[in-house]
Amino acid sequence: MGATGLTIGVFDSGFGGLTVLRELLPLVAGSHCVYLGDTARLPYGSKSRETIVRYALSSARFLQRQGAQLLVVACNTATALALEDLRAALPIPVVGVIQPGVEAAVTACREVGTAGEVLVLATQATVESHAYARACATLALKATEKACPLLVPLVEEGWICEGTLDEETPGEDGGASDAARAFVTAQVLRIYLGEALRDAPESRALLLGCTHYPLLRTEIERTLAELGRPLRVIDSAQATARAVERVLSEQGMARGDRADVGDATCEFFATDSVQKFERLGPRFLGRPVGKVQLVDLGG
Ligand code: DGL
């Protein structure tokens, strides 16, 4: 438990949700954040609604058992398919990533002075749910949703790079270099973005509707520029963190103005691949994750 006595549970199907935790930590000083990556059952994005709801409920209940007083569903797919079930099943506030992301998109569209059209990149399940299109429609924003199923595995494998891309350079062991791997990801992105832009000629903003995609942001912006469509890129992580701050304050759970509470503390759990989590997690969180504890939530 943190200095404020507040415990916040955050879950994702993997470690992509750490991009949300990263934005949240500075806003919840003194609290204790328990993060669960349901890595054994990832990806959620290619599963049916029934399965996603079942996985999301068991992940949420685990965090509740760890003392969570507020739950952040740091997964677009779980938010799209299971948010209402989670809210109905849990006696604590539940914050998802879609509404905050859509509100951020509305602001961005206003700033670039458009009639309100946004391109949303997401997993197959999120796109098929049309959760983004519905949430956008309530705010008079037209959304074109594009499924990009290859991006999660590429990010999970760490095939990303901030530097120059090189198709040819071999790695030190004679295998493919990081740059060569990143080149593959760039080609995949080029195909997805080319198709999406063709279907959404009026869009001026692009919403990253999957927690893994912020890791590709630089590459997405570079590709958009190369394709002659430099859309404003929106990441829902920051907006979600602010939504959590708002809910805490509405519920009287905020820390108030105490300056002595110290940084938020973190504890990490995963249902599989803890070493991979420990290795790749820092890329998502922007700082070391330390020891990740293995937990078995069943099938
Ligand atoms: N966390 C998921 C999302 O944000 C992506 C990974 C998955 O498909 O499980 O949609």
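What counts, and where the lines are drawn
Residues numbered from 1 in each chain as written. Predicted model: local features only at pLDDT ≥ 70, side-chain atom pairs only at ≥ 80, totals over all residues. Heavy atoms only, no water. Near = heavy atom within 4 Å. Polar contact = N/O pair within 3.5 Å; in protein donor to acceptor, adjacent residues only side chain to side chain. Areas by Shrake-Rupley, 256 points an atom, 1.4 Å probe, with all protein chains shown as cover. Nonpolar A, V, L, I, M, F, W, Y, C, P; charged D, E, K, R; others polar. Helix = DSSP H or I, 4+ residues; strand = E, 2+ residues; numbered from the N terminus. Salt bridge = Lys/Arg side-chain N within 4 Å of Asp/Glu carboxyl O. Buried < 20%, exposed > 50% of the residue type's maximum accessible area, 1.4 Å probe, protein only. Contact = heavy atoms within 4.5 Å.

K.L.:
Would you explain the site of the ligand in this entry?
P.N.:
Of all residues adjacent to the ligand, which total 13 residues, the nearest are Asp 12, Ser 13, Tyr 44, Gly 45 and Thr 77. Between Thr 211 and the ligand, the recorded distance is 3.0 Å, taken from a backbone N or O atom to an oxygen atom. Its free accessible area being 290 Å², the ligand has 100% of it covered by the protein chains. Each residue belonging to the shell around the ligand can be placed in one class, and the counts come to five nonpolar, seven polar and one charged.

K.L.:
Is there a simple way to think about unusual backbone geometry in this case?
P.N.:
Residues apart from glycine generally show negative phi values, whereas peptide bonds are mostly found in trans. Residue Pro 43 is reached from Leu 42 by a cis peptide bond, and omega for that bond is 5°. Although it is not a glycine, Ala 140 sits at a positive phi angle of roughly 60°. Looking at the secondary structure, you find Ala 140 in the loop between helix 6 (131-137) and strand 6 (142-147).

K.L.:
Would you take a moment to explain the pattern of salt bridges for this structure?
P.N.:
Any two side chains of opposite charge can pair, given that their charged atoms come close. Counted according to the given criterion, the structure contains 13 salt bridges. Linking Asp 38 and Arg 41 is a salt bridge whose minimum nitrogen-to-oxygen distance equals 2.7 Å. The class for Asp 38 is buried, based on a relative accessible area of 0%. Here Lys 276 and Glu 156 are joined by a salt bridge, their closest N and O atoms 4.0 Å apart. Of this pair, Lys 276 sits in helix 11 (residues 274-285) while Glu 156 sits in helix 7 (residues 151-156), and the two are 120 residues apart along the sequence. Taken together, the salt bridges that share partners define one network made up of Glu 156, Glu 157 and Lys 276.

K.L.:
Is there a simple way to think about the environment of Lys 291 in this case?
P.N.:
Mapped onto the elements of the fold, Lys 291 is located in the loop between helix 11 and strand 10 (292-294). Along the sequence, Lys 291 and Gln 275 sit 16 residues apart, while their C-alpha atoms lie 8.9 Å from each other. Setting aside residues no more than four positions away along its own chain, Lys 291 makes contact with Phe 268 and Glu 278.

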